[in-house]
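Read off the chains here:
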Amino acid sequence: MDKKATWDRFYTESSSSTNTFKHFEWFFGFDAVRDFIMPLLQTKPHPDGLLQVLDMGCGTSALGPCIYRHSPLPVRVTCADISPIAVRLMQEHVQTKAIQPHNLFSRLEFVELDCTQLHEHYGCSSVDLIVDKGTTDALLRSKEGKWKANQVLKQCLKVLRSSGSLLQFSDEDPDARLLWLETEAQEPGVMAADVGVQEVGELRGMTYYCYQVTPRSIV
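A. Region of interest: the nonpolar core. If you look at the biggest cluster of nonpolar residues, it comprises 31 residues, and the most contacted ones within it are Ile37, Leu41, Ile67 and Phe169. Among the nonpolar cores identified, the runner-up in size contains 28 residues, and Ile130, Leu160, Leu178 and Tyr209 belong to it.

Quick look at the structure:
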């Protein structure tokens with residue numbers, strides 16, 4: 001599940017099986033995690049513009065567009081995915097639906113992006129919030145994906161502002177995920193982060209968690 005071709009095939013087959021567009025949600029939709037996301041978008045935008053939000057590995061989820069629709073403060077929501085098929089489907093859907101933002105200055109964009117290379121799209125310390133709903137899970141469960149998951153985490157910490165956060169929504173037990181995050185998010189003299197967890201709830205017999213990673217100043 002760490003291969004671009006796998007996701008291209010998945011979204012091609014999903015879209016060809018129906019004549020009408022339908023969002024595909026990993027785990028759950030926006031309403032289930034709204035209270036974890038929106039409180040992090042309450043600070044006033046920086047003098048240089050909009051609050052920068054990244055939906056990482058967006059697929060055809062409605063998560064990014066929902067943040068765009070509901071944020072009272074101006075945001076630039078970037079929905080990024082390694083699959084150009086998913087990106088195209090979302091672009092076409094949004095153009096057809098003409099989704100309107102809560103704040104007229106907000107912006108919504110869809111980009112093809114390998115999230116192990118976030119620095120190619122963002123500068124250092126330029127993003128306020130990164131939302132990862134199942135992307136890291138898919139990588140960690142792939143045969144060769146753990147290295148990519150480590151790279152994605154490091155890239156996230158590189159592009160996040162000091163006041164920013166990475167939210168990982170996952171069904172992985174805290175005993176495993178916290179250890180991994182606390183280990184991989186630390187690099188002496190280079191980066192450090194604080195890691196916390198909250199339970200999202202139970203759905204279809206599975207318990208889900210929100211892991212919050214926030215950059216910490218290097219001493």
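So, next bit.
B. Representation of the packing of helix H6 (residues 146-159) against helix H7 (residues 174-184) in the model. With their axes 10 Å apart at the nearest point, H6 and H7 run at an angle of 60 degrees to one another. Considering their axes alone, H6 and H7 lie oblique with respect to each other. For the pair H6 and H7, the crossing hand works out as right-handed. For the pair formed by H6 and H7, the contact residues are Lys146, Ala149, Asn150, Leu153 and Lys154 on the first element and Trp180, Leu181 and Glu184 on the second. Along the lines of polarity and charge, the residues of the contact of H6 with H7 split into four nonpolar, one polar and three charged.

C. Seen up close, the pairing of strand S6 (residues 193-203). The pairing of S6 with strand S7 (residues 206-215) spans ten bridges and is classified as antiparallel. Bridge pairing in S7 places Ala193 opposite Pro215. Remark: two residues form the turn of the hairpin made by S6 and S7, two consecutive strands paired antiparallel; Arg204 in that turn has positive phi of roughly 50 degrees.

D. A look at the state of the cysteines. In the structure shown here, the tally under the stated rule is zero disulfides. Unpaired in this structure, Cys115 has its nearest cysteine sulfur neighbour in Cys156, at a distance of 7.2 Å. Judged by its relative accessible area of 9%, Cys115 falls in the buried class.

E. Structural view of the environment of Ala32. Mapped onto the fold, Ala32 is located in helix H2 (residues 30-37). Counting along the chain gives 171 residues from Ala32 to Leu203, while the straight-line C-alpha distance between them is 9.9 Å.

F. Here's a closer look at unusual backbone geometry. If you check the backbone angles, Ser125 has positive phi at about 55 degrees while not being a glycine. When you line up the elements, Ser125 lands in the loop between strand S3 (107-112) and strand S4 (127-133).

G. Fine view of empty space enclosed by the protein. Scanning all chains against the criterion turns up one cavity of 30 Å³ or more. If you add up the space inside the largest cavity, you get close to 50 Å³. If you go around the largest cavity, the residues you meet are Trp26, Asp55, Gly57, Cys58, Ser61, Leu63 and Lys133. In the lining of the largest cavity, the residues fall into three nonpolar, two polar and two charged.

H. View of the environment of Lys158. Along the chain, Lys158 turns up in helix H6. Once the C-alpha coordinates of Lys158 and Gly123 are considered, the two residues, 35 residues apart in sequence, prove to be 8.5 Å apart.

Parameters at a glance
- Residues numbered from 1 in each chain as written.
- Predicted model: local features only at pLDDT ≥ 70, side-chain atom pairs only at ≥ 80, totals over all residues.
- Heavy atoms only, no water.
- Core = buried A, V, L, I, M, F, W, Y, C linked by side-chain atoms within 4.5 Å.
- Buried < 20%, exposed > 50% of the residue type's maximum accessible area, 1.4 Å probe, protein only.
- Axes fitted to C-alpha atoms, helices over the stretch in contact; angles between N-to-C directions.
- Helix = DSSP H or I, 4+ residues; strand = E, 2+ residues; numbered from the N terminus.
- Parallel < 35°, antiparallel > 145°, perpendicular 65-115°, else oblique.
- Left-handed = near helix turned anticlockwise from the far one by under 90°.
- Contact = heavy atoms within 4.5 Å.
- Nonpolar A, V, L, I, M, F, W, Y, C, P; charged D, E, K, R; others polar.
- Pairing = 2+ DSSP bridges.
- Disulfide = S-S within 2.5 Å.
- 1 Å grid on protein atoms, 1.4 Å probe; cavity = no way out; pocket = protein on both sides within 12 Å on 5 of 7 lines; lining within 4 Å.
- Points joined across faces, edges and corners; volume = space filled by probe spheres on them.

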